[in-house]
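What follows is the residue order along each chain.
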Amino acid sequence: APSNLACVATSSTRVKVTWDDNAGNEAEIRLERKLAASGPYAPLLTLPPDTTGTTDSPVERITTYYYRVLACNSAGCSAPSAEVSVTTPGLGFFIGEEH
């Protein structure tokens, strides 16, 4: 399974998500997201093999998002990574924010 999942709000409407790719035989990486600690995950993105990060945008301001990532191939998907959450801030400017 992918490991070291991390996410950071890089603006009030953008979240950067990164992880370590521990598989050498995945056909795709699946990023899933949910909006409540006890809610179900929903597919967010399907990414090419060996991907180790992406940006989730646009997202809502002042909202907590929960993420997990899986490596998948023809045999199925790995166990999901550990869950990580981030709360987006209200309006403001951040280092590296795109305008």
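From a predicted model like this one, the values you see are computed outputs, not experimental measurements.

Participant: Can you help me understand the sheet that holds strand E5 (residues 53-56) in this one?
Facilitator: Note on sheets: strands pair through backbone hydrogen bonds, and any given pair is parallel or antiparallel. The sheet built from 3 strands is open, its strands ordered E1-E2-E5 with antiparallel pairing. Pairing within the sheet leaves two strands with one partner each, and these edge strands are strand E1 (3-11) and E5. Adjacent strand axes in the sheet meet at a mean angle of 20° when their direction is disregarded. By the bridge criterion, 4 bridges tie strand E2 (residues 14-20) to E5 in an arrangement that is antiparallel. Of the residues in E5, the one forming a bridge with Val-15 is Asp-56.

Participant: What is the right way to look at the pattern of salt bridges in this model?
Facilitator: With the rule as written, the count across this model stands at 4 salt bridges. In this structure, the salt-bridge partner of Arg-68 is Glu-32, at a minimum N-O distance of 2.6 Å. Taken together, the positions of Arg-68 in strand E6 (residues 64-73) and Glu-32 in strand E3 (residues 28-34) put the pair 36 residues apart, joining distant regions of the chain. Judged by its relative accessible area of 23%, Arg-68 is partly exposed. A relative accessible area of 14% places Glu-32 in the buried class.

Participant: Got a minute to help me understand the state of the cysteines in this structure?
Facilitator: Applying the stated criterion across every chain, the model contains 1 disulfide. Covalently, Cys-72 is tied to Cys-77 through a disulfide, its sulfur atoms 2.0 Å apart. Its S-S torsion of about 105° marks the bond between Cys-72 and Cys-77 as right-handed, since a negative value means left-handed. The structure places no disulfide on Cys-7, whose sulfur is separated from the nearest cysteine sulfur, that of Cys-72, by 19 Å. The buried category is assigned to Cys-7, whose relative accessible area is 16%.

Participant: Explain the packing of aromatic side chains here, please?
Facilitator: Any pair of aromatic rings gets described here by the distance separating the centres and the angle formed by the planes. Using the criterion set out here, one finds 1 aromatic pair in the structure. Across the ring face of Tyr-66, the terminal group of Lys-34 is positioned such that the distance to the ring centre comes to 5.8 Å.

Participant: Hey, could you run me through the environment of Ala-37 in this one?
Facilitator: Summarising the element assignment, Ala-37 is placed in the loop between E3 and strand E4 (42-47). Residue classification places Ala-37 among the exposed positions, given a relative accessible area of 51%. When the C-alpha atoms of Ala-37 and Ser-12 are compared, they prove to be 20 Å apart, with 25 residues separating the residues in sequence.

Participant: Would you mind going over the pairing of strand E8 (residues 84-87) with me for this structure?
Facilitator: It is a general feature of regular strands that their side chains alternate between the two faces of the sheet. Of the two faces of E8, the one holding Val-84 and Val-86 is buried and the one holding Ser-85 and Thr-87 is not buried anywhere. Relative to E8, E6 runs antiparallel, the two being bridged by 4 bridges. Bridging from a neighbouring strand, Tyr-67 pairs with Val-84 of E8.

Parameters at a glance
Residues numbered from 1 in each chain as written. Predicted model: local features only at pLDDT ≥ 70, side-chain atom pairs only at ≥ 80, totals over all residues. Heavy atoms only, no water. Pairing = 2+ DSSP bridges. Helix = DSSP H or I, 4+ residues; strand = E, 2+ residues; numbered from the N terminus. Axes fitted to C-alpha atoms, helices over the stretch in contact; angles between N-to-C directions. Salt bridge = Lys/Arg side-chain N within 4 Å of Asp/Glu carboxyl O. Buried < 20%, exposed > 50% of the residue type's maximum accessible area, 1.4 Å probe, protein only. Disulfide = S-S within 2.5 Å. Phe/Tyr/Trp six-rings, centres within 6.5 Å; stacked < 30°, edge-to-face > 60°. Lys NZ or Arg CZ within 6 Å of the ring centre and 35° of its normal.

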